[in-house]
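A closer look at the structure
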Amino acid sequence: MKQGKHLSIIVNSFNRACLMPDCLGALARWLPDNPYGLSASVHIYDAGSTDGTEAWVREHASGYGFPIHFIDGRDDADRSFSAGLNRGVAHALDLYPKTDYLLFYETDNQILSAEPVSQGIGCLEAKDRLGACGFTVKLRDGQAAGVGMPFPKLWHFLLGKTAMHKLKLERVRYAWEDRGSIRFSPVDVVFTSPLLVKPDAWRASGGMDAAHFPFSECDVDWAKRLRDLGWTMGVVESTEAIHDNADAISGWSKNRAVHYHRGRLNYFRIHQPVRTALVAPHFLALRHLFERIFVALAVRDPERRRHLGGVCSRLLGSVWKGYQE
């Protein structure tokens, strides 16, 4: 990696104050005195947290050895994940127009050393049309965590997420390339947590589509649009990147099932409109009905049956409106 590069780090936050010390503390252990001459700034977009996030950031921002900018989104008309990421990037590129690389780095991430970032930047520099590079990530206990997926298929969506998971239909199949001490694999979709991005690729794509993908599937749609523009994605093999929320569930997570179905349906309506029109919403409604019956008959625990039954009923009731409630 060439000396003198600037890295703008984008953190998207909503009621995750409990994760901030580990998230930023991991960077503070290596970023101020990294051996690559890499300078950095952190841009925290906060979507109106009520857990003291702003107060904590403003109290501790000066102690990390790199500038931390707080972006107050409480009055924004759109405070979705996608809108927050778009605003965070815009803020970073406005303050640091010569940013060489963006790093999407969420509150549930920790990057433990300079090595993965250096390796990721090395791959981005070596491959002209590589627009984004992530890392193999792990949980805090060392187990592997999800890094990405192949581009989704419509019939997988019709089967349902549980069946997809059990059949491993969206498992990443790596094709490792050895580049000296770096192992790199192309991946269709690399999740934004964490992810190095070339500003040129971001600008070419127009950023996240917050209108159609405010939360779930925004990274899947973005990866597809990047590919359509001639950019690719991939990951470097690393043991130094963590993606683990430590069971700190934010308000964004409460409607995960509806967000997922809405986003995935929008993805297929945009990228495969003819095929999708032939099967949605009728086949999806049929799946939700079968799922509702299965839960009622097969789930023995009353509390779990009530919860899952409610999710199925909610999906069945909203599928006719594209999962808009």
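Here we summarise the structure given alongside this text. These numbers come from a predicted model, not from an experiment.

Focus: the overall build of the protein chain
The helix and strand tally for the protein chain stands at 12 helices and 13 strands. Radius of gyration (C-alpha) of the protein chain: 20 Å, near the 20 Å computed for a compact globule of 325 residues. By principal-axis analysis of the C-alpha atoms, the protein chain measures approximately 60 × 45 × 35 Å. Once local pairs closer than 6 in sequence are excluded, the contacts in the protein chain between residues at least 24 apart make up 81%. A total of about 15000 Å² of accessible surface is found on the protein chain, and carbon and sulfur atoms cover 53% of it. Positive and negative side-chain charges of the protein chain, numbering 40 and 36 respectively, have mean locations separated by a distance of 7 Å.

What about the sheet that holds strand β2 (residues 39-46)?
Two pairing modes exist for strands in a sheet, parallel and antiparallel, and in both the strands are linked by backbone hydrogen bonds. Taken together, the nine strands give an open sheet; going across it, the order is β3-β2-β1-β4-β11-β6-β12-β9-β8, and neighbouring strands pair in mixed fashion. Two strands lie at the open edges of the sheet, namely β3 (68-72) and β8 (177-179), each paired on one side alone. On average, adjacent strands in this sheet sit at an angle of 25° to one another, irrespective of strand direction. Of the pairings in the sheet, the one linking strand β9 (residues 182-186) to strand β12 (residues 232-236) comprises three bridges and is antiparallel in character. By the bridge assignment for β12, Phe184 is matched with Val236. Contacting β1 (6-13), β4 (101-104), β6 (130-135), β8, β9, β11 (195-197) and β12, helix α4 (residues 114-126) crosses the sheet at an angle of about 160° to β6.

A closer look at the packing of aromatic side chains
Considering all chains together, one arrives at eight aromatic pairs under this definition. Pairing Phe104 with Trp202 gives two aromatic rings, centres 5.4 Å apart and planes at 75°, and the pair type is edge-to-face. Of this pair, Phe104 sits in strand β4 while Trp202 sits in helix α7 (residues 199-205), and the two are 98 residues apart along the sequence. The exposure class assigned to Phe104 is buried, which follows from its relative accessible area of 0%.

Here is what the cut-offs are and how they apply
Residues numbered from 1 in each chain as written. Predicted model: local features only at pLDDT ≥ 70, side-chain atom pairs only at ≥ 80, totals over all residues. Heavy atoms only, no water. Helix = DSSP H or I, 4+ residues; strand = E, 2+ residues; numbered from the N terminus. Rg over C-alpha atoms; globule rule 2.2 N^0.38 Å. Contact = heavy atoms within 4.5 Å. Areas by Shrake-Rupley, 256 points an atom, 1.4 Å probe, with all protein chains shown as cover. Lys, Arg positive; Asp, Glu negative; His and termini not counted. Charge placed at Lys NZ, Arg CZ, Asp CG, Glu CD. Pairing = 2+ DSSP bridges. Axes fitted to C-alpha atoms, helices over the stretch in contact; angles between N-to-C directions. Phe/Tyr/Trp six-rings, centres within 6.5 Å; stacked < 30°, edge-to-face > 60°. Buried < 20%, exposed > 50% of the residue type's maximum accessible area, 1.4 Å probe, protein only.

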